[in-house]
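Structural overview for review
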Amino acid sequence: MTEIRHNWTSEEISEIYHSPLLDLIYRAASVHRENKDYAEVQISSLLSIKTGGCSEDCAYCPQAARYNTGVDVHAMMSVAHVTDAAKRAKDGGASRLCMGAAWREVRDNRDFDKVIDMVKAVNELDMEVCCTLGMLTESQAQRLADAGLYAYNHNLDTSEDDYKRIITTRTFDDRLKTIENVRKAKLTVCSGGIIGLGETVADRISMLRTLSNMPKHPESVPVNALVPVKGTPLENQPRVPIWDMVRMIATARIIMPRTVVRLSAGRTEMSLTDQALCFMAGANSIFAGDKLLTTPNPAFNEDMQMFEILGLKPREAFKNGRPQVKSAEVPA
Ligand code: SAM
Ligand code: DTB
Ligand code: SF4
């Protein structure tokens, strides 16, 4: 079994990232095959529960209020709407629902109470529930955990050095602090980044180093390819070459051997062959359903055809155990 390490150096990660592509894929695939369930792919479905109008200035994001992206701004969705969407996602093969809100941070108000009700309702459907709501305090993380949340997504997006170029309205340390709060509440951590923002390869390596040197590796690491959206400062960024995506996924797989590595945004621009390479390189999760948060994604049935061709199968929910729901938060 590959040893789990938390002391990777930049040189070591860089050497892995830059190794000849086929050697890199072979090594990552070998690490991946130590996992007896290597042919299983965890499927998450995304749902934007509060869309647009965000106060932050993330240069990639169509939901930042300050950019003219034409995104349909929506207030909080109803719990009934979330339940319907979750049922549809489950029927489509998803084991996890990830609810996203265009918030800078969670506030202790009625909207957060509603999110708590959504978490309970989706948990009742026997699906893993994930949220991505921006910054969180420790007590907010605990409240989500008590309601039955399974995972919290909070991406680093890029390296510490590159962070200010992409986002000025919060710091890299703010990000790390929230991840710490999520860990304190014993939730599982989903944290990764985006490639194609105009970062250097050294930035990618630095971000991977931060993730792999956390006291506990994130249980899932999404690797997103930038979806350039008109109206954002990064609208004219060139598409990332598939080889960069493969290198990121393979490197993540090698340095975080037991982590679920998610082939995330950007799949509509990838062929089946491109995606097959990513799975070979150790990706074992996707976002499925025809929409990410605001941008298109392949439809469930297309992905099921891809799974059929590649001999992959969806992973069932709660393979690694269920979250504890506190009696005070048990749904009525
Ligand atoms: N507002 C919360 C936050 O920023 O943490 C949660 C929602 S935010 C949309 C979640 C993540 O989506 C971001 O951290 C970023 O990694 C990803 N994302 C947003 N826009 C993207 C784009 N155009 N292309 C790729 N990934 C994107
Ligand atoms: C993640 O790493 N990628 C997802 C999810 N976590 C929240 C979001 C991708 C968003 C792509 C742009 C959009 O659809 O708005
Ligand atoms: Fe807001 Fe999140 Fe988009 Fe940044 S990534 S603008 S915080 S919704």
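Just above, that's the structure.
All values reported here derive from a predicted model rather than from experimental measurement. (Residues numbered from 1 in each chain as written. Chains lettered and ligands numbered in written order. Predicted model: local features only at pLDDT ≥ 70, side-chain atom pairs only at ≥ 80, totals over all residues. Heavy atoms only, no water.)

**Overview of the site of ligand 2**
- In the vicinity of ligand 2, the contacting residues are Leu46, Pro62, Thr132, Asn153, Asn155, Pro222, Asn224, Phe287, Leu292, Leu293, Thr294 and Thr295.
- The fraction of the free accessible surface of ligand 2 (410 Å²) that becomes covered by protein chains is 88%.
- The cavity that encloses ligand 2 is the largest cavity.
- Of the residues assigned to the shell around ligand 2, the class counts are six nonpolar, six polar and no charged. (Near = heavy atom within 4 Å. Areas by Shrake-Rupley, 256 points an atom, 1.4 Å probe, with all protein chains shown as cover. 1 Å grid on protein atoms, 1.4 Å probe; cavity = no way out; pocket = protein on both sides within 12 Å on 5 of 7 lines; lining within 4 Å. Sits in = over half its atoms within 2 Å of the grid points. Nonpolar A, V, L, I, M, F, W, Y, C, P; charged D, E, K, R; others polar.)

**Quick look at the layout of surface pockets**
- By volume, the largest pocket amounts to about 890 Å³.
- If you go around the largest pocket, you meet 42 residues; those closest to its centre are Tyr150, Glu219, Arg258, Arg315 and Asn320.
- For the lining of the largest pocket, the secondary-structure elements that each account for two or more residues are helix H2 (21-32), strand S1 (40-50), helix H5 (138-146) and strand S5 (188-190).
- Take the lining of the largest pocket: its biggest share by element is three residues, from H5.
- There is about 600 Å³ of room inside the second largest pocket.
- Only S1 and helix H3 (79-91) provide two or more residues apiece to the lining of the second largest pocket.
- A total of five residues in the lining of the second largest pocket trace back to one element, the largest contributor, which is S1.
- For the lining of the second largest pocket, a count of residues per class yields 15 nonpolar, seven polar and four charged. (Points joined across faces, edges and corners; volume = space filled by probe spheres on them. Helix = DSSP H or I, 4+ residues; strand = E, 2+ residues; numbered from the N terminus.)

**Quick word on the site of ligand 3**
- Taken together, Cys54, Glu56, Cys58, Tyr60, Cys61, Ala64, Ala102, Trp103 and Arg170 are the residues near ligand 3.
- A majority-of-atoms criterion places ligand 3 in the largest cavity.
- Tallied by class, residues from the shell around ligand 3 come to seven nonpolar, no polar and two charged.

**Some points on H3**
- Over its 13 residues, H3 runs 18 Å from end to end, which matches the ideal 18 Å to within 8%, given 1.5 Å per residue.
- When we look at burial in H3, the residues that qualify are Val82, Thr83, Ala85, Ala86 and Ala89. Taken end-on, H3 shows its buried residues confined to a sector of 165°, consistent with a single buried face. Of the exposed residues in H3, the ones pointing more than 90 degrees away from its buried face are Ala80, Arg88 and Asp91.
- On its buried face, H3 sits against S1, strand S2 (96-101), helix H4 (110-124) and helix H11 (300-310).
- Looking one or two residues beyond H3, the residue adopting positive phi is Gly93, at roughly 115°. (Expected span 1.5 Å × (residues − 1). Buried < 20%, exposed > 50% of the residue type's maximum accessible area, 1.4 Å probe, protein only. Arc of directions from axis to C-beta. Contact = heavy atoms within 4.5 Å.)

**Observations concerning empty space enclosed by the protein**
- Using the criterion set out here, one finds two cavities of 30 Å³ or more in the structure.
- Reported here for the largest cavity is a volume of approximately 840 Å³.
- At the level of elements, S2 and strand S7 (220-225) are the ones that each hand at least two residues to the lining of the largest cavity.
- For the lining of the largest cavity, the class distribution of residues is 23 nonpolar, ten polar and seven charged.
- By volume, the second largest cavity amounts to about 30 Å³.
- Contributing to the lining of the second largest cavity are Gly193, Ile194, Ile195, Met207, Leu208, Leu211, Val221, Pro222, Val223 and Met248.
- Of all the elements in the fold, those that place two or more residues in the lining of the second largest cavity are strand S6 (193-195), helix H8 (201-212) and S7.
- For the lining of the second largest cavity, the residue count by class is nine nonpolar, one polar and no charged.

**A closer look at the pattern of salt bridges**
- The tally for this structure, following the rule as stated, stands at 20 salt bridges.
- The residue Lys36 makes a salt bridge to Asp37 at a minimum N-O spacing of 3.4 Å.
- A residue is classified by how much of its surface remains accessible, and Lys36, at 72% relative accessible area, is exposed.
- Across the pair Glu105 and Arg104 runs a salt bridge, and its minimum N-O distance is 3.4 Å.
- A relative accessible area of 25% means that Arg104 is categorised as partly exposed.
- Taken together, the shared-partner salt bridges in this structure form one network comprising Glu56, Arg104, Glu105, Arg107 and Arg170. (Salt bridge = Lys/Arg side-chain N within 4 Å of Asp/Glu carboxyl O.)

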